[in-house]
Each structure stands twice: as C-alpha cells, then as structure tokens.
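What follows is each chain in one-letter form.
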Amino acid sequence: TQLKMLYCNTNHSCAIVYNLLQIASERQADIIFSTKPHQYKRTTHFEGNNDGTRAAILLNRSIPHTTHPTGYPNIAAIRINNHVLMVTYASSNEALPPLLDHLTLFLQAIHAPVILCGDFNCSTALIPGYTTNARGEEFENFFTINNLSVGNSPEPTWHRGALEGIKYYFCCRLFHKA
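Because the structure is a prediction, the values reported are computed rather than measured.

Basis of the calculations
- Residues numbered from 1 in each chain as written.
- Predicted model: local features only at pLDDT ≥ 70, side-chain atom pairs only at ≥ 80, totals over all residues.
- Heavy atoms only, no water.
- Helix = DSSP H or I, 4+ residues; strand = E, 2+ residues; numbered from the N terminus.
- Contact = heavy atoms within 4.5 Å.
- Areas by Shrake-Rupley, 256 points an atom, 1.4 Å probe, with all protein chains shown as cover.
- Core = buried A, V, L, I, M, F, W, Y, C linked by side-chain atoms within 4.5 Å.
- Buried < 20%, exposed > 50% of the residue type's maximum accessible area, 1.4 Å probe, protein only.
- Phe/Tyr/Trp six-rings, centres within 6.5 Å; stacked < 30°, edge-to-face > 60°.
- Expected span 1.5 Å × (residues − 1).
- Arc of directions from axis to C-beta.
- pLDDT = per-residue confidence, 0-100.
- Pairing = 2+ DSSP bridges.
- Axes fitted to C-alpha atoms, helices over the stretch in contact; angles between N-to-C directions.
- Lys, Arg positive; Asp, Glu negative; His and termini not counted.
- Salt bridge = Lys/Arg side-chain N within 4 Å of Asp/Glu carboxyl O.

A.B. asks: Break down the overall build of the protein for me, citing the residues and quoting the values.
C.D. replies: Along its length, the protein carries three helices and eleven strands. By sequence separation, contacts in the protein at least 24 residues apart represent 56% of the contacts at least 6 residues apart. With an accessible surface of roughly 9,700 Å², the protein has 52% of that area assigned to carbon and sulfur atoms.

Structural data, given as structure tokens:
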C-alpha cells in the first residue's frame with residue numbers, strides 16, 4: 001500500500017494548519033507530519049505529546065496504527081504495519097546533540113524500517129549543492145551512526161526574505177543495522 005505524506009512546519013499558526021489541511025485534502029494525503037503545530041487550549045489534533053509538543057502526526061482515521069511513545073516533546077512517532085514514521089523539531093536556539101542523542105537511542109531500539117522527517121535547522125553537504133555548517137556536522141554524524149539516508153532533492157525547503165536553504169529533511173532507514 002502506498003501512502004501519501006506531507007510535511008509542514010506550521011510555526012504554531014492556526015491559519016497555516018487550516019491551509020495545510022486544505023492542501024492535504026486536495027492531494028488526498030494520508031499522513032501529515034508537522035513541526036511546531038498550532039495548539040488550542042493546550043490540545044492539538046495531531047498524534048504526539050499535548051504538553052508543549054513541537055512535533056506531531058495527523059493521519060487518516062482509516063489507517064491502522066499505534067502511537068509510539070518517545071518521551072520527548074520534540075519527537076512524535078507512530079507504527080504502521082512494520083514501519084515506524086517519525087517527525088522531529090530541532091530549534092535553532094537549542095543545542096542539537098541532546099535531541100540527536102535521544103533520537104539515536106530511540107532508533108537503536110527500533111528493529112524496523114524508519115521514515116524520519118522534520119526541521120533540523122542545519123545545512124549539510126549530503127544534499128548536492130549545499131555546504132555543511134557546524135550543526136550539519138552533528139546531523140551527518142547522526143546519519144552515519146543510524147544508517148539513515150536523505151531523500152531530499154536540492155530544492156530549498158526554507159525561505160525567509162532573500163535567504164533560502166534546506167532545513168527540513170526527509171530521511172529513511174530501510175533496514176535495521178545490527
């Protein structure tokens with residue numbers, strides 16, 4: 001079965017969430033990954049932690065799944081069949097290693113294919129045409145340790161004024177490295 005997936009950093013905006021839901025409906029998306037989801041009265045319509053969550057997953061109700069507790073508000077995860085789907089947010093105002101360490105422990109405990117997407121707020125030469133910054137070096141080490149591959153095209157995922165780059169990544173691990 002093929003699933004259609006979307007990712008969006010909604011920046012805690014109700015308007016962006018409503019637009020995202022409209023786009024998801026038009027594209028018949030099955031799963032929406034969101035970072036910085038909008039919360040109304042400390043609740044969200046997404047799978048994940050409802051207490052200060054920074055990552056969430058919304059999916060079609062007809063898809064059988066299990067919420068995969070992560071113990072970390074920056075990570076949301078679900079299991080569909082034998083696959084684990086995850087979304088995470090790494091604030092540019094916080095050190096990256098604590099999040100990557102938690103993700104590594106989580107990934108090492110999962111013996112299944114993984115799809116991981118999110119906002120890592122870094123730049124990496126793993127994508128042709130880009131350079132690696134300091135956070136990107138930490139990100140690349142995380143990739144190597146966890147046997148992940150990047151699925152991004154070189155098209156920018158982030159724009160602010162004249163600035164642009166890739167800060168949102170789509171990654172996968174097809175098998176667990178023993």
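So that's the structure; there's more coming.
A.B. asks: Can you break down the nonpolar core residue by residue, with the values?
C.D. replies: Ranked by size, the top nonpolar core spans 25 residues in total, and within it Met86, Leu103, Leu116, Phe120, Phe142 and Tyr169 carry the most contacts. When residues of this core are traced back to their parent elements, those giving at least two are strand 5 (75-80), strand 6 (83-89), helix 2 (97-108), strand 7 (114-119), helix 3 (134-145) and strand 11 (168-173). If we ignore the near neighbours within four places in the chain, the residues touching Tyr169 are Leu116, Cys117, Gly118, Phe120, Cys122, Ser123, Thr124, Ile127, Phe139, Val150 and Asn152. Judged by nonpolar contacts, the second largest core, of 13 residues, contains Ile31, Ala55, Ile80 and Leu85.

A.B. asks: Explain the packing of aromatic side chains residue by residue, including any values.
C.D. replies: Taken as a whole, this structure holds six aromatic pairs when the rule is applied. On the basis of an interplanar angle of 40° and a centroid distance of 4.7 Å, the ring pair of Phe139 and Tyr169 is categorised as tilted. Taken together, the residues Phe139 in helix 3 and Tyr169 in strand 11 connect sequence positions 30 residues apart. Through pairs of rings, three or more aromatic residues link up here, namely Phe120, Phe139, Phe142, Phe143 and Tyr169.

A.B. asks: Got a sec to walk through helix 2? Specific residues and values, please.
C.D. replies: Helix length check: helix 2, at twelve residues, gives a terminal C-alpha distance of 16 Å against a target of 16 Å (1.5 Å per residue), a fit within 8%. For helix 2, the elements touching its buried residues are strand 5, strand 6, strand 7, helix 3 and strand 11.

A.B. asks: Any chance you could break down helix 3 for me, citing the residues and the numbers?
C.D. replies: With twelve residues, helix 3 should reach 16 Å at 1.5 Å per residue; the first-to-last C-alpha distance of 17 Å fits that figure. Within helix 3 the residues assigned to the buried category are Arg135, Gly136, Phe139, Phe142 and Phe143. Here the buried residues of helix 3 occupy an arc of 115° about the axis, which is enough to place them on one side. More than 90 degrees from the buried face of helix 3, the exposed residues found are Ala134, Thr144 and Ile145.

A.B. asks: Lay out the environment of Leu85 in plain terms, naming residues and giving numbers.
C.D. replies: Of note, Leu85 is situated in strand 6. Through-space distance from the C-alpha of Leu85 to that of Thr67 is 9.8 Å; in sequence the pair is 18 residues apart. Setting aside chain neighbours within four positions, we find Leu85 in contact with Met5, Ile31, Phe33, Ile57, Ala76, Ala77, Ile78, Ile80 and Ile115.

A.B. asks: So what about the confidence of the model for the protein? Which residues, and what values?
C.D. replies: Of the residues in the protein, 89% reach a pLDDT of 70 or more, and the chain-wide mean stands at 85. Across residues 41-51 the pLDDT falls below 50, and counting only partners more than four positions away or on other chains, this stretch makes 33 contacts in the model.

A.B. asks: Outline the sheet that holds strand 3 (residues 55-59), supporting the account with residue identities and numerical values.
C.D. replies: Across a sheet, paired strands are connected by hydrogen bonds in the backbone, their directions being either parallel or antiparallel. The three strands are arranged 1-2-3 in an open sheet whose pairing can be described as mixed. This sheet does not close on itself; its edge strands, each paired only once, are strand 1 (5-9) and strand 3. Between one strand axis and the next, the sheet turns through 15° on average, direction left out of account. Note that strand 1 and strand 2 (residues 31-35) share five bridges and pair parallel. Paired with Asn9 across the strands is Thr35, a residue of strand 2. Of the strands in this sheet, strand 1, strand 2 and strand 3 touch helix 1 (residues 14-26), which is tilted by about 165° from strand 1.

A.B. asks: Let's hear about the side chain of Asp30: which residues, and what values?
C.D. replies: By secondary structure assignment, the location of Asp30 is in the loop between helix 1 and strand 2. Here Asp30 occupies a buried position and makes no salt bridge, while the nearest side chain of opposite charge, Lys4, is found at 6.8 Å. Not counting chain neighbours up to four residues away, the residues in contact with Asp30 comprise Gln2, Leu3, Lys4, Leu58, Leu59, Asn60 and Ile63.

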